[in-house]
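Here is how the chains run, residue by residue.
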Amino acid sequence: MMKFTVTPRFCETDALGHINNTSYFIYLEEARIKFFESLGYSMNIEDWKFILASTKCDFINQGHFNQNMIVSSYISKIGNKSFHLEHEICCEETNKKIATGNAIIVFFNFKEQKSEEIPELFREQLERHLVVK
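The notes below deal with the structure included here. It should be emphasised that the depicted structure is a prediction, and the values quoted were computed from it without experimental measurement.

**Details of the overall build of the chain**
- Looking only at helices and strands, the chain has 2 helices and 6 strands in total.
- For the chain, the succession of helices and strands along the chain, N to C, is β-α-β-β-β-β-β-α.
- Relative to the compact-globule value of 14 Å for 133 residues, the chain shows a C-alpha radius of gyration of 16 Å, a close match.
- For the chain, the spread of C-alpha atoms along the principal axes amounts to about 45 × 30 × 20 Å.
- Every one of the 133 residues in the chain was classed for burial, and the buried ones make up 42%.
- Put simply, of all contacts in the chain between residues at least 6 apart along the chain, 65% involve residues at least 24 apart.
- In the form shown here, the chain has an accessible surface area of approximately 7800 Å², with 49% of it arising from carbon and sulfur atoms.
- Placing the 15 positive and 18 negative side-chain charges of the chain at their respective mean positions leaves the two points 3 Å apart.

This is the structure we're talking about:
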């Protein structure tokens with residue numbers, strides 16, 4: 001499981017004083033990038049292998065400006081050409097769950113514009129982060 005801390009900025013809140021729903025998708029994107037980097041994949045566009053097929057976020061409790069939150073990421077499913085990356089966002093101080101999210105990511109060949117089977121070496125890397133609940 002991969003974890004990192006995010007501290008919401010004032011500009012990420014809305015008129016009601018809590019984190020705007022769109023900001024959570026920025027945190028989830030950052031989590032995906034950190035996850036790929038932890039596996040040794042750089043953000044080199046010329047050699048990028050992934051495409052986002054679906055993403056969602058469920059809002060459990062309100063988050064607020066300057067509240068340190070821990071974003072945890074793990075794999076829940078590995079298919080032939082895609083995998084599911086799950087996220088939990090919790091308050092660092094109380095461990096109260098703020099939001100959950102997930103993404104379906106496809107291994108993709110941009111030159112040929114088609115999905116490809118996940119290579120065995122990458123599958124092994126993903127399996128190290130597999131959490132079955």
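Alright, that's what it looks like, and here's the rest.
**A word on the pattern of salt bridges**
- According to the stated counting rule, one finds 5 salt bridges in the structure shown.
- The closest approach of N and O atoms between E30 and K34, which form a salt bridge, is 3.8 Å. Taken together, the positions of E30 and K34, both in helix α1 (residues 21–38) and 4 residues apart, correspond to about one turn of that helix.

**Concerning the packing of aromatic side chains**
- Under the defined criterion, the tally for this structure stands at 16 aromatic pairs.
- Considering the side-chain rings of F35 and F36, the 6.3 Å spacing of their centres and the 65° angle between planes classify their relative orientation as edge-to-face.
- Judged by its relative accessible area of 4%, F36 falls in the buried class.
- A centroid spacing of 6.4 Å and a plane angle of 90° characterise the contact between F50 and F83, whose relative ring orientation is edge-to-face. Remark: F83 occurs in strand β4 (residues 82–91) and F50 occurs in strand β2 (residues 50–59); sequence separation between them is 33 residues.
- For F83, a relative accessible area of 0% corresponds to the buried category.

**Re the state of the cysteines**
- Counted by the stated rule, this structure contains 0 disulfides.
- No disulfide involves C90; its sulfur sits 8.6 Å from that of C91, the nearest cysteine.
- Classification of C90 as buried rests on a relative accessible area of 11%.
- Assessed through its relative accessible area of 8%, C91 is described here as buried.

The rules behind each value
- Residues numbered from 1 in each chain as written.
- Predicted model: local features only at pLDDT ≥ 70, side-chain atom pairs only at ≥ 80, totals over all residues.
- Heavy atoms only, no water.
- Helix = DSSP H or I, 4+ residues; strand = E, 2+ residues; numbered from the N terminus.
- Rg over C-alpha atoms; globule rule 2.2 N^0.38 Å.
- Buried < 20%, exposed > 50% of the residue type's maximum accessible area, 1.4 Å probe, protein only.
- Contact = heavy atoms within 4.5 Å.
- Areas by Shrake-Rupley, 256 points an atom, 1.4 Å probe, with all protein chains shown as cover.
- Lys, Arg positive; Asp, Glu negative; His and termini not counted.
- Charge placed at Lys NZ, Arg CZ, Asp CG, Glu CD.
- Salt bridge = Lys/Arg side-chain N within 4 Å of Asp/Glu carboxyl O.
- Phe/Tyr/Trp six-rings, centres within 6.5 Å; stacked < 30°, edge-to-face > 60°.
- Disulfide = S-S within 2.5 Å.

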